[in-house]
Amino acid sequence: MKYSMLFSAVLVALAVSACERPAAVVAVPGPAGATGATGATGNTGSTGNTGATGTTGATGSTGDTGATGDRGKTGRETVVVVPVPAPAR
């Protein structure tokens, strides 16, 4: 079986290669024709996607120290009022 398949394959290859082949036909170009008309303009492309959001900016620097306030009063003229506690029931 093995040799008969091999023999058949070789026989087919020889038979195909022995067939008469037609002569190659060479096309000779003629003179150039007139130039064609200009094609139509293409459609406008679609709008692109929106870009990604940018990163957050850097933190600002610390502000200047505030001005020093005026000196407070000494308490000679201050009156402190202490309310009387309500009686317990």
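Given the structure is predicted, the values throughout are model-derived calculations rather than measurements. Each chain carries its own residue numbering, running from 1 in the written order of its sequence. Given that the model is predicted, a residue must reach a pLDDT of at least 70 before its local features are reported, and side-chain atom pairs must reach 80 or more before they are shown or counted; all residues, however, enter totals for whole chains, interfaces and linings. Calculation of side-chain values draws on the structure's entire complement of heavy atoms; hydrogens and water are dropped beforehand.

(A) Main features of the overall build of the protein. Each helix corresponds to a stretch of at least 4 residues labelled H or I by DSSP, and each strand to a stretch of at least 2 residues labelled E; elements are numbered beginning at the N terminus. Tallying secondary structure elements over the protein gives one helix and zero strands in all. The buried share of the protein, reckoned over its 89 residues, is 0%. Accessible area of the protein: about 9,900 Å², with a carbon and sulfur share of 59%. Summary of the burial criterion: residues with accessible area below 20% of their type's maximum are buried, those above 50% are exposed, and those between are partly exposed, where the area comes from a 1.4 Å probe applied to protein chains only. Here the open area of atoms and residues is found with the Shrake-Rupley method and a 1.4 Å probe, where only the protein chains shown may cover a residue.

(B) Representation of a nonpolar patch on the surface. Only residues whose relative accessible area exceeds 30% and that form no salt bridge are eligible for patches; like-charged ones are grouped when within 9 Å, while nonpolar side chains (Val, Leu, Ile, Met, Phe, Trp, Tyr) are grouped when within 5 Å. Any carboxyl oxygen of Asp or Glu that lies within 4 Å of a side-chain nitrogen of Lys or Arg is treated as forming a salt bridge with it. Where nonpolar side chains cluster on the molecular surface, the patch consists of Tyr3, Leu6, Val10 and Leu14 and spans about 470 Å² of accessible area. Mapped onto the elements of the fold, Leu6 is located in helix H1 (residues 2–17). Leu6 sits in the exposed class, given a relative accessible area of 52%.

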